[in-house]
Amino acid sequence: QVQLVESGGGLVQAGDSLRLSCAASGRTASSYSMGWFRQAPGKEREFVAAITRSGDATYYSSSVKGRFTISRDNAKNTVYLQMNALKPEDTAVYYCAARSPYASDYRAMSTYSYWGQGTQVTVSS
């Protein structure tokens, strides 16, 4: 069992930066691959970024690639999402999620077993 708690959301202006954190609890938290998803009002939840359990590989959606960076510190059981050059269309609730490192399709929500409660990011123009 893994519990996930996101933090770091807030209200910023376009062009600003934010860093989200996801604290994982549980003895084997570092054994999981991790992902970030987001859900804007009236839209489906979508994949943002993922990272392998060792951190040796990362993946991004095309809409955030080059602006967002996912990383993890296994000693702290924490995953981060550094978001730069934020745009109004990045406004959403951001969720972190954990999945088995052996599952396929890191972009698919169905492959993630554990989810946090989400943190709101609002970007004003």
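So, here's what we can say about the structure. All values derive from a computational prediction rather than experimental measurement. (Residues numbered from 1 in each chain as written. Predicted model: local features only at pLDDT ≥ 70, side-chain atom pairs only at ≥ 80, totals over all residues. Heavy atoms only, no water.)

## Some thoughts on the sheet that holds strand S7 (residues 68-73)
Definition in use: Strand pairing follows a simple DSSP-based rule, namely that at least 2 bridges must link the two strands. Numbering goes from the N terminus for both helices and strands, where a helix is a DSSP run of H or I of at least four residues and a strand is a run of E of at least two. The axes are straight lines fitted to the C-alpha atoms, using for helices just the contacting stretch, and the angles between their N-to-C directions are given from 0 to 180°.
The strand order across the open sheet built from four strands is S1-S3-S8-S7, with neighbouring strands paired in antiparallel fashion. The sheet is open, and its two edges are formed by strand S1 (3-7) and S7, each paired on a single side. Strand after strand, the sheet turns through a mean of 15 degrees between neighbouring axes, direction not considered. Here six bridges tie S7 to strand S8 (residues 78-83), and the two strands are oriented antiparallel to one another. Paired with Ser71 across the strands is Tyr80, a residue of S8.

## Some remarks on the nonpolar core
One broad trend across soluble globular proteins is that nonpolar side chains are buried collectively. Using the following cut-off: Among buried residues, the Ala, Val, Leu, Ile, Met, Phe, Trp, Tyr and Cys ones that are joined through side-chain atoms within 4.5 Å form a nonpolar core. When a residue's accessible area, from a 1.4 Å probe over protein chains only, is under 20% of the maximum for its type it is buried; when over 50% it is exposed; and in between it is partly exposed. Contacts between residues were defined by any pair of non-hydrogen atoms, one from each residue, lying within 4.5 Å.
If you look at the biggest cluster of nonpolar residues, it comprises 29 residues, and the most contacted ones within it are Leu4, Trp36, Leu81, Met83 and Tyr94. Other than its neighbours up to four places away in sequence, Met83 contacts Asp16, Ser17, Leu18, Leu20, Arg67, Phe68, Tyr94 and Val121. Within the second largest apolar cluster, five residues are counted, among which are Phe37, Phe47, Ala50 and Tyr112.

## Quick word on the side chain of Glu6
Let me state the cut-off plainly: N or O atoms closer than or at 3.5 Å make up a polar contact, with two conditions inside protein: a donor-capable atom paired with an acceptor-capable one, and, for residues adjacent in sequence, both atoms drawn from side chains.
Relative to the helices and strands, Glu6 resides in strand S1. A polar contact of 2.8 Å, which involves the side chain of Glu6, links it to the backbone nitrogen of Cys96. At 2.9 Å, the side chain of Glu6 forms a polar contact with the backbone nitrogen of Gly118. Beyond its immediate chain neighbours, meaning those up to four positions away, Glu6 contacts Ser21, Cys22, Trp36, Tyr94, Tyr95, Cys96, Gly116, Gln117, Gly118 and Thr119.

## Regarding the state of the cysteines
Put simply, the rule reads: Two cysteine sulfurs form what is called a disulfide whenever their separation falls within 2.5 Å.
Using the criterion set out here, one finds one disulfide in the structure. Note that Cys22 is cross-linked by a disulfide to Cys96, the S-S spacing being 2.0 Å. Measuring handedness by torsion sign, the sulfur bridge of Cys22 and Cys96 sits at about 50 degrees and is right-handed. Note that Cys22 is positioned in strand S3 (residues 18-25) and Cys96 in strand S9 (residues 92-99), a separation of 74 residues in sequence. With respect to class, Cys22 is no different from Cys96; both count as buried.

## Here we look at the packing of aromatic side chains
The condition is simple: Any two rings among Phe, Tyr and Trp, with Trp reduced to its six-membered ring, count as a pair given centres within 6.5 Å; such a pair is stacked if its planes are under 30 degrees apart, edge-to-face if over 60, and tilted if neither. Throughout this description, the term charge over a ring refers to an Arg CZ or Lys NZ atom that lies within 6 Å of the ring centre and within 35 degrees of the ring normal.
Evaluated as defined, the whole model comprises seven aromatic pairs. Relative to Tyr106, the ring of Tyr59 lies with its centre 4.0 Å away and its plane at 25 degrees, an arrangement referred to as stacked. Of this pair, Tyr59 sits in strand S6 (residues 58-60) while Tyr106 sits in the loop between S9 and strand S10 (112-115), placing them 47 residues apart in sequence. When its relative accessible area of 30% is taken as the criterion, Tyr59 is described as partly exposed. Residue classification places Tyr106 among the partly exposed positions, given a relative accessible area of 23%. For the pair Tyr112 and Trp115, a centre-to-centre distance of 6.0 Å together with 55 degrees between the ring planes defines the contact as tilted. A relative accessible area of 27% places Trp115 in the partly exposed class. Counting every residue linked through ring pairs, the aromatic cluster contains Phe37, Phe47, Tyr59, Tyr106, Tyr112 and Trp115. Cation over ring: Arg45 sits above Tyr95, and NZ or CZ is 3.7 Å from the ring centre.

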